[in-house]
Amino acid sequence: MSILVILTAGYAGWAALLFVMQRSMMFPGTGLRDMRGDRGLPTGAERVWIRTSGGEVEAWLVHAQAAGPAPVVIFAHGNAELIEDAWFEALQLRELGVATLLVEYPGYGRSEGRPSRASIMETFLAAYDGLAARADIDAGRIVGMGRSLGGGAITDLARQRPLRALVLQSTFTSVADLARRYLVPGILARDPFDNHEVVRAFEGPVLVIHGRSDAVIPHSHGERLARAAANAQLVSLECGHNDCLPEAYRAELQRFFEQAGILPPMARSPG
């Protein structure tokens, strides 16, 4: 009986510790700017400030190499990244003729506020509304793309705004599923992003990209997301969680955009 009491008390302490520390674990990027310094705005990007109840949040709009209203990807990065870490992805999309809005999280980088599911959702809703109102953006061809934690930000956006398609890279089915990996019930999650629920109800096309050797979010999460969607493609890459390079899936991304009507089909040589 005494051993059972000790084990129960130990588990309760472990669960309590994770409950208290979960936001610092989920959003570790709030101090990245101090460690890296300010590398400034890259050439070709337009800085956009998004007004939220917690203050102003930074975003970068990378324009497409195309005339007229352009399709656009709203990009949400991983939890230990900043918007500049997605610069290479934005350049790849630009070469395809797609604009990219890189949205920061509250409390990250130069942005005000504190990160949480609610504050991130508010930020991305405001970012979408401002983007859709621009004359140089085709509001009918807005795509949500999220990497890792960013998948949660994007699926939350899809709950409340129309998106033409979803691209989820190295992301999870739900925070509750991740919590169970740490032997903690999902009900204790303060920011319960549920990508699986949204993907299952999403009527548009979904592209899931996941590394076979991902030790942070196992490949099985990507498989489950792809199975849940009515119209999904799964691209499995020979990489882990943080080393899946954009050039490895650029061709698949282009084909996906063409099939979804975001880009016109491009002529390809036979074979």
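Placed above this text is the structure.
In this text, all values refer to a predicted model and were calculated from it rather than measured experimentally.

Analysis parameters
- Residues numbered from 1 in each chain as written.
- Predicted model: local features only at pLDDT ≥ 70, side-chain atom pairs only at ≥ 80, totals over all residues.
- Heavy atoms only, no water.
- Axes fitted to C-alpha atoms, helices over the stretch in contact; angles between N-to-C directions.
- Helix = DSSP H or I, 4+ residues; strand = E, 2+ residues; numbered from the N terminus.
- Parallel < 35°, antiparallel > 145°, perpendicular 65-115°, else oblique.
- Left-handed = near helix turned anticlockwise from the far one by under 90°.
- Contact = heavy atoms within 4.5 Å.
- Nonpolar A, V, L, I, M, F, W, Y, C, P; charged D, E, K, R; others polar.
- Buried < 20%, exposed > 50% of the residue type's maximum accessible area, 1.4 Å probe, protein only.
- Pairing = 2+ DSSP bridges.
- Right-handed = clockwise from strand over helix to strand, strands pointing away.
- Core = buried A, V, L, I, M, F, W, Y, C linked by side-chain atoms within 4.5 Å.
- Salt bridge = Lys/Arg side-chain N within 4 Å of Asp/Glu carboxyl O.
- Phe/Tyr/Trp six-rings, centres within 6.5 Å; stacked < 30°, edge-to-face > 60°.

**Quick notes on the packing of helix α3 (residues 87-96) against helix α9 (residues 250-259)**
Orientation of α3 relative to α9, taken along the N-to-C sense of each, is 50 degrees, at an axis distance of 11 Å. Here α3 lies oblique to α9, going by the angle between them. You can see that α3 and α9 cross each other, and the crossing is right-handed. Along its contact with α3, which presents Gln92, Leu93, Glu95 and Leu96, the element α9 presents Arg250, Leu253, Gln254 and Phe257. The residue makeup of the contact of α3 with α9, split by class, is 4 nonpolar, 2 polar and 2 charged.

**Looking at the pairing of strand β6 (residues 165-169)**
Put simply, side chains in a regular strand alternate between the two faces of the sheet. Where burial is concerned, most of β6 is hidden: 5 out of the 5 residues are buried. A two-sided burial pattern is seen for β6, the buried positions comprising Ala165, Val167 and Gln169 on one face and Leu166 and Leu168 on the other. Note that strand β5 (residues 137-147) and β6 share 5 bridges and pair parallel. Its bridge partner being in β6, valine 143 is matched across the sheet by alanine 165. In this region the chain leaves β5, passes through helix α5 (residues 150-160) and returns to the parallel neighbour β6; the handedness of that crossover is right-handed.

**Focus: the nonpolar core**
Membership of the largest hydrophobic core comes to 49 residues, with the highest contact counts inside it found for Ile74, Tyr105, Phe124 and Leu163. Per element, the largest residue contribution to this core is 7 residues, and it comes from helix α4 (residues 117-132). Core analysis: the second largest hydrophobic core is formed by 30 residues, Phe75, Ala165, Ile209 and Leu263 among them.

**Brief notes about the pattern of salt bridges**
A full pass over the atoms with the stated rule returns 16 salt bridges. We note a salt bridge from arginine 117 to aspartate 156, for which the minimum N-O separation is 2.8 Å. You can see arginine 117 sitting in helix α4 and its partner aspartate 156 sitting in helix α5, a full 39 residues away along the chain. A residue is classified by how much of its surface remains accessible, and aspartate 156, at 1% relative accessible area, is buried. Arginine 159 is the partner of aspartate 156 in a salt bridge, and the nearest nitrogen-oxygen pair spans 3.0 Å. With aspartate 156 and arginine 159 both in helix α5, this residue pair falls 3 residues apart, about one helical turn. The network of salt bridges with shared partners includes Arg117, Asp156, Arg159 and Glu197.

**Describing the packing of aromatic side chains**
For the structure shown, the criterion picks out 4 aromatic pairs. Where tyrosine 105 meets tyrosine 108, the ring centres are 5.4 Å apart and the plane angle is 85 degrees; that geometry is what we call edge-to-face. Exposure remark for tyrosine 108: the relative accessible area of 0% places this residue in the buried category. Here phenylalanine 256 and phenylalanine 257 contribute two aromatic rings whose centre-to-centre distance is 6.1 Å and whose plane-to-plane angle is 45 degrees, an arrangement assigned as tilted.

**Structural notes on the sheet that holds strand β8 (residues 232-237)**
Spatial strand order, β1-β2-β4-β3-β5-β6-β7-β8: 8 strands in an open sheet with mixed pairing. The open sheet has two free edges, formed respectively by β1 (45-52) and β8, since each of these has just one partner strand. Along the sheet, successive strands turn relative to each other by an average axial angle of 20 degrees, direction set aside. Each of β3 (70-76), β5 and β6 is contacted by α5, which is oriented at about 145 degrees to β5, the strand it contacts most.

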